[in-house]
Each structure stands twice: as structure tokens, then as C-alpha cells.
Amino acid sequence: MPGFELFGLEEKQEVADVMDNGFTFRYNFDHVRNDRWKTREMEALLCKKMSAKHAHLVSSGTAALQTAMAAAGIGAGDEVIVPPFTFVASIEAVFMAGAVPVFAEIDHTLCLSAASIEAVITPKTKAINLVHMCGSMAKMDEIISVCNKHNLLILEDACQAIGGSYRGQALGTIGDVGCYSFDSVKTITCGEGGAVITNNDAIYKHAHMFSDHGHDHVGSDRGAEDHPMMGLNFRISEMNSALGLAQLRKLDNIIDIQRKNKKIIKDAMAEIPEITFRDIPDPAGDSAGFLTFFMPSEARTVEINNKLAEHGVDGCFYWYINKWHYLKNWQHIKQLKSSAALPITLIEDKPDYTQVLVPQSDAIMSCTISMLIKLSWTEDEITQRIENIKRAFA
Ligand SMILES: *Cc1c(COP(=O)(O)O)cnc(C)c1O
């Protein structure tokens, strides 16, 4: 990670092909596009690579989450169980759908735990937003069994975990609907972009309509199309899809490099007695975008985080104090800050987000450090990195 490290002629040629021969809009304009359909092509390749029935590209991972929820019928007043450790988009999208985020706890997978999901289910719970954080997966078997028992939809936010799998099934395709992000710093990038992926025909149909003003996309005359429902514009452009297409062709290679680089560093760090590693339910399916480890105490984690920086070990994240990825520091979310009244303000028994406690997650996250695994490292750089890490721990 990230895919932009491998930008080359392939990406340039795909984008130039849109400008030279194709057209910028993903639909219609058959007479000017010389049969260039980059978005369709990337969607088909995503389906093939992920063994999924449908993939629909949109303008961002956030748009994919919002589209997935609308398409799966998650809306006003529905409760959606969410993790306290994620990128804020996974929570924002729930609020913007008019639904109610309900926080549960993560376990040492750094993803929601089945027991904590079950503990916060109410008659209003409609779905879980299961985020596969930092490249690896939740304990899918246990979670699927709880969700089936309580008839909950599973939305998989695999924005950070594309290329990962659980027992051979691609992350994002195991639940009812999944989302990927192709923003500039993700495993593969469209510049900006995202995808909704599903095996469910009805969800797919709603997704392509919702993300394009409810257009049914039947026929070749946009003006004559029907609108079975309302939607918004979350369309991706052909330039973004062209870039993403070239990147998607590199995905297998990207995952191979990540796994190789991660293994070398993880093997070396395994010799440090005070470290334990993140729980990975299916190690063979780890996308290996991050190496995440736990320290024995919060004080030692703070110390090591500083020492890693002092010794030039870049790309380390102590999420517990970071303002983007952990509930503790999301003051704007806890206080429901927005420029206009949110739908949730009309819900009388809404949670008081300033009072939400996640002690189990705090205990884990206060001792967690993640290290970004880069694609561009040379063998020498990896050797040097390991030396620097050992010095930081000395
Ligand atoms: C990046 C990310 C998103 C949002 O994706 P964008 O394309 O940046 O909108 C959502 N969820 C998670 C877990 C992410 O890492």
C-alpha cells in the first residue's frame, strides 16, 4: 500500500485512451466513444477477480457506503451497529442515511466482535457495518452466525482490505453488500473512486439507480429512461475508471509484494519478546497492507511510538491518539456537529454519543501500533528498517 507507488505507463495510457478515443461520461454517448467503456470494463474485472455477480463503481468509498445502505434498504430510524475504530466515513454514511449508528466493541482482530454485536442488538437493529480494518478481516463465521440468528444485514466496509479474503472468499463479497475505496492512498486507486459489490440482484439494481438519480439504465437514450426511484449523483468518470482499471490489473502483484515485505518485517519483529501481533482469523487471506502489533501497556506504546519516529521508522500509526480513526477523538461526531439539522435529531430515543463507552476497544487501541507496508521498498531499505526498529526497541 498504496497503489500509487506503482504508477507507470499503464495508467497513463489508459487515461489517455479516454481523452484520445473515448468519452468522459460512463453512460451513453455511443456515437463519440469508439466503444471505450472503462467503467464497465473495470466493473467486469472486479466481478471476475472477486468472484462476485455485480460490481458498481461510484465516485468514492464514502459514496459506495451511502449507496450500499440505500440499496440494501437501510434508512430512516434503522439502527446500524458500527465499530469505534474505523475511518469516519463508516459512521458519517450511517448518519446521512437517516439511520442511527450504535457502537459495539472490537476485539484483537481490530474489527467488531460477534459477542459485542449481539450485546447491542435491539428490535430496531437492521444491519452491521463490518469494517475490515487495516487490511485484515473480522471473525466472519461467528459474526455471520449472530447476524443470521437476528436477521441482520451485513454491510462489509472493505475499503482498506481489497485483495484480502476469508477462507477463499474475497472480503467485501461475503455479506449482503460490500464496499471498496479507490481514493488516492488506498491499495489501488482511481484518483477518487469506490465500488459497491454484491451477489444480490435487487441490491445491485438499487445501487446503480441510486447513484445516478434513479435512472433505470435501460436502452441508449438517457432522456427516455424511466426513474423507478430517487437518487443522487455519485457517478464515477471514465478518466477515474481508466486509472483504476490499470491499477486493478496490478492488484495481485501489489498483494504479493505486500505479503512478501510484511513477512520479512514480521518475522524480524517476532523476536522482540514484548510484542504480540494482531489476531488474523485467516492468515492466508491477509491483504498485508499493514503490520499491526500490540505493546504490553499504554505507557510503553506511547514510548515505542515516539522511539520508532526518532529512529526514522516512518509510516507508523498510533490510532488511539489520531483524530481520524478512533471514536475517542471524534468530538464532531459525538456532538452531532453539522451545518444543517441531521435526520437523527428527530429521533427521540437516540443514543447520547458523548456518553458512549467502549472500554474493551480502549484497552486494545491504547496498546496498538500499525505500520504501513510499502510497495517501493528495496531489500536494503527493508534491512535498514529492521535495524532501526530493533534500535527503537532496545
Ligand atoms: C478510505 C475509507 C473509506 C472512505 O473512502 P473514500 O474513497 O476516501 O471516500 C471508508 N471506510 C474506510 C474503512 C476507509 O478506509
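This write-up is about the structure you can find in this document. The shown structure was predicted, so the numbers you read here are calculated from the model rather than taken from an experiment. (Residues numbered from 1 in each chain as written. Predicted model: local features only at pLDDT ≥ 70, side-chain atom pairs only at ≥ 80, totals over all residues. Heavy atoms only, no water.)

Things to note about the overall build of the chain
Link 1 in the chain: The helix and strand inventory of the chain stands at 13 helices and 13 strands.
Link 2 in the chain: Here the chain has a C-alpha radius of gyration of 21 Å; the compact-globule value for 394 residues is 21 Å, and the two agree.
Link 3 in the chain: Looking at the chain residue by residue over its 394 residues, the buried ones come to 57%.
Link 4 in the chain: Considering only residue pairs separated by 6 or more positions, the chain has 68% of its internal contacts joining residues 24 or more positions apart.
Link 5 in the chain: Total accessible area computed for the chain in this model is approximately 16400 Å², and 54% of it derives from carbon and sulfur atoms.
Link 6 in the chain: The averaged location of the 50 negative side-chain charges in the chain is 2 Å from the averaged location of its 37 positive side-chain charges. (Helix = DSSP H or I, 4+ residues; strand = E, 2+ residues; numbered from the N terminus. Rg over C-alpha atoms; globule rule 2.2 N^0.38 Å. Buried < 20%, exposed > 50% of the residue type's maximum accessible area, 1.4 Å probe, protein only. Contact = heavy atoms within 4.5 Å. Areas by Shrake-Rupley, 256 points an atom, 1.4 Å probe, with all protein chains shown as cover. Lys, Arg positive; Asp, Glu negative; His and termini not counted. Charge placed at Lys NZ, Arg CZ, Asp CG, Glu CD.)

A look at the sheet that holds strand S13 (residues 368-372)
Link 1 in the chain: Here four strands make up an open sheet; going across it, the order is S10-S11-S13-S12 and the pairing antiparallel. Every interior strand has two partners, whereas the edge strands, strand S10 (276-277) and strand S12 (316-317), have only one.
Link 2 in the chain: Pairing between S10 and strand S11 (residues 290-294): two bridges, direction antiparallel. Residue phenylalanine 277 lies in a different strand from S11, and its bridge partner there is phenylalanine 293.
Link 3 in the chain: Contacts between helix H9 (residues 251-269) and the sheet are confined to S10, S11 and S13, with S11 contributing the most and set at about 20° to the helix. (Pairing = 2+ DSSP bridges. Axes fitted to C-alpha atoms, helices over the stretch in contact; angles between N-to-C directions.)

What to know about the sheet that holds strand S2 (residues 79-82)
Link 1 in the chain: Judged by pairing direction, the sheet is mixed, and its seven strands sit side by side in the order S1-S9-S8-S5-S4-S2-S3 without closing on themselves. Looking at the sheet topology across the chains shown, the edges are occupied by strand S1 (54-58) and strand S3 (100-103). With strand direction ignored, the average angle separating the axes of adjacent strands in the sheet is 25°.
Link 2 in the chain: In this structure, strand S8 (residues 177-181) lies alongside strand S9 (residues 194-198), joined through four bridges in antiparallel fashion.

Some words on a nonpolar patch on the surface
Link 1 in the chain: Taken together, Phe4, Phe7 and Val185 make up a surface patch of nonpolar side chains, about 280 Å² in accessible area.
Link 2 in the chain: With respect to the helices, strands and loops of the structure, phenylalanine 4 is situated in the segment before helix H1 (9-20). (Patch = residues over 30% accessible without salt bridge, like charges linked within 9 Å, V, L, I, M, F, W, Y side chains within 5 Å. Salt bridge = Lys/Arg side-chain N within 4 Å of Asp/Glu carboxyl O.)

Here's the deal with the pattern of salt bridges
Link 1 in the chain: In this structure the tally under the stated criterion is 27 salt bridges.
Link 2 in the chain: One salt bridge connects glutamate 10 with lysine 250, and the closest N-O pair in it is separated by 3.1 Å. Taken as a pair, glutamate 10 in helix H1 and lysine 250 in the loop between helix H8 (238-248) and H9 lie far apart in primary sequence, 240 residues in all.
Link 3 in the chain: Residue class for lysine 250 comes out buried when judged on its relative accessible area of 12%.
Link 4 in the chain: Via salt bridges that share partners, Glu14, Asp17, Arg36, Lys38, Glu41 and Arg249 belong to a single interconnected network.

Some thoughts on the packing of aromatic side chains
Link 1 in the chain: Taken as a whole and judged by the stated rule, the model has 16 aromatic pairs.
Link 2 in the chain: A ring pair is formed by phenylalanine 290 and tryptophan 319, whose centres lie 6.0 Å apart and whose planes are at 65°; its orientation type is edge-to-face. One end of the pair, phenylalanine 290, is in strand S11; the other, tryptophan 319, is in the loop between S12 and helix H11 (331-334), with 29 residues separating them in the sequence. When sorted by exposure, phenylalanine 290 lands in the same class as tryptophan 319, which is buried.
Link 3 in the chain: Positioned above the aromatic ring of tryptophan 37 is the side chain of arginine 40, whose terminal nitrogen or guanidinium carbon lies 3.6 Å from the ring centre.
Link 4 in the chain: Its guanidinium or amino end placed over the ring of tyrosine 320, lysine 328 lies 4.4 Å from that ring's centre, counting from NZ or CZ. (Phe/Tyr/Trp six-rings, centres within 6.5 Å; stacked < 30°, edge-to-face > 60°. Lys NZ or Arg CZ within 6 Å of the ring centre and 35° of its normal.)

Digging into the pairing of S13
Walk down a regular strand and you will see the side chains alternate between the two sheet faces.
Link 1 in the chain: Extensive coverage of S13 is indicated by the burial of five of its five residues.
Link 2 in the chain: Along S13, one buried face is formed by Thr368, Ser370 and Leu372 and the opposite face, lined by Ile369 and Met371, is buried too.
Link 3 in the chain: With five bridges joining them, S11 and S13 adopt antiparallel strand pairing. Along S13, the bridge assignment pairs phenylalanine 293 with isoleucine 369.
Link 4 in the chain: Here S12 pairs with S13 via two bridges, running antiparallel. Note that in S13 the partner of cysteine 316 across the bridge is methionine 371.

Examining the environment of alanine 202
Link 1 in the chain: Note on placement: alanine 202 falls in helix H7 (residues 201-210).
Link 2 in the chain: Its relative accessible area of 44% is what places alanine 202 among the partly exposed residues.
Link 3 in the chain: As for alanine 202 and alanine 363, which are separated by 161 residues in sequence, their C-alpha atoms are 41 Å apart.

Comments concerning the side chain of lysine 262
Link 1 in the chain: Its place among the elements puts lysine 262 in helix H9.
Link 2 in the chain: Overall, lysine 262 belongs to the buried group, its relative accessible area being 5%.
Link 3 in the chain: When near neighbours in sequence (up to four residues on either side) are disregarded, lysine 262 contacts Ile280, Asp286, Ala288, Phe290, Leu291 and Ile373.

A look at the side chain of glutamate 11
Link 1 in the chain: Position of glutamate 11 relative to the elements: it lies in helix H1.
Link 2 in the chain: Residue class for glutamate 11 comes out buried when judged on its relative accessible area of 3%.
Link 3 in the chain: What glutamate 11 contacts, discounting residues up to four positions off in sequence, is Leu6, Leu243, Ala246, Gln247 and Lys250.

Some points on the pairing of strand S5 (residues 153-157)
Link 1 in the chain: Among the five residues in S5, five count as buried, and that is most of the element.
Link 2 in the chain: The alternating pattern of S5 places Leu153, Leu155 and Asp157 and Ile154 and Glu156 on opposite faces, both of which are buried.
Link 3 in the chain: After leaving strand S4 (residues 125-131), the chain enters helix H6 (residues 140-149) and then returns to the sheet as S5, a path that is right-handed.
Link 4 in the chain: One ladder, built from three bridges, connects S5 with S8; its direction is parallel. Looking at S8, one finds that leucine 155 is bridged to valine 177. (Right-handed = clockwise from strand over helix to strand, strands pointing away.)

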